[in-house]
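Structural characterization, general
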Amino acid sequence: QTVSASYATTEITTSLTYVDTSLTAAITPASSSNKILIWVTSAWFTSHASNPAAYARIYNSTDTVELATTEAYDADSSGWMIYHGMPCSIIAEDTGRSIATTYKLQHRAAASGRNSKLQNENNKAFIILMEIAA
């Protein structure tokens, strides 16, 4: 089985702790021995001309577990990471699930005075959950 969702509204945070985005999907595996492959992609920016950085992660909110994380760390001369946005693509695997499980994209800034901006200019973000039989 495959479940997918998309979201296309810009989301910005200056929080130094992870915050939920609106990109979320849930799946109920047919068997707890099956694996769940989670793939998330979004256009991503971080700001601050000196030492910009932001973090994003795939989060299993049912079990409150971080499954994968990535860091944005690079800027053009204006201080925005790659002018039109860097693809934020994260892939993770989860196992042993036998109940409905919700996965979501979360993000945060790396330090005060910085931010994390997803779905810049309302670019569409996707989350895909794929159950793989054992």
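Residues numbered from 1 in each chain as written. Predicted model: local features only at pLDDT ≥ 70, side-chain atom pairs only at ≥ 80, totals over all residues. Heavy atoms only, no water.

1. Side note on the pairing of strand 8 (residues 101-109)
- Most of strand 8 is tucked away, with eight of its nine residues classed as buried.
- Looking at chain direction, strand 3 (residues 19-27) and strand 8 are connected through six bridges and run antiparallel. Within the sheet, the bridge partner assigned to D20 lies in strand 8 and is Q106.
- Sheet topology places strand 5 (residues 54-60) next to strand 8; seven bridges connect them, and they run antiparallel. Pairing of A56 across the sheet is with H107, part of strand 8. (Buried < 20%, exposed > 50% of the residue type's maximum accessible area, 1.4 Å probe, protein only. Helix = DSSP H or I, 4+ residues; strand = E, 2+ residues; numbered from the N terminus. Pairing = 2+ DSSP bridges.)

2. Quick look at the side chain of N60
- Relative to the helices and strands, N60 is located in strand 5.
- Within the structure, the side chain of N60 is placed 3.0 Å from the side chain of D94, a separation counted as a polar contact.
- Sequence-distant contacts of N60, that is, excluding residues within four places in its chain, are made with V65, L67, D94, R97, T101, T102 and Y103. (Polar contact = N/O pair within 3.5 Å; in protein donor to acceptor, adjacent residues only side chain to side chain. Contact = heavy atoms within 4.5 Å.)

3. Topic: the confidence of the model for the protein
- Here the protein averages 85 in pLDDT, while 84% of its residues score no lower than 70.
- This stretch, residues 80-84, has a pLDDT under 50; its non-local contacts, to residues over four places away or in other chains, come to 17 contacts. (pLDDT = per-residue confidence, 0-100.)

4. Some points on unusual backbone geometry
- Phi at T64 is positive, roughly 50 degrees, even though this residue is not glycine.
- Given a relative accessible area of 57%, T64 falls into the exposed group.

5. A closer look at the pairing of strand 6 (residues 65-72)
- In terms of strand pairing, strand 5 meets strand 6 through seven bridges, oriented antiparallel. If you follow R57 over to strand 6, its bridge partner there is T69.
- Counting the residues that bridge the hairpin from strand 5 to strand 6 gives four residues, and of these T64 lies at a positive phi of roughly 50 degrees.

6. Considerations on the pattern of salt bridges
- If you walk through the whole model with that rule in mind, you get five salt bridges.
- Across the salt bridge formed by K104 and D20, the nearest N and O atoms sit 3.1 Å from each other. With K104 in strand 8 and D20 in strand 3, this residue pair connects regions lying 84 residues apart in the sequence.
- Classification of D20 by relative accessible area gives partly exposed; the value is 43%.
- Residues joined in a network through salt bridges with shared partners are D63, D94 and R97. (Salt bridge = Lys/Arg side-chain N within 4 Å of Asp/Glu carboxyl O.)

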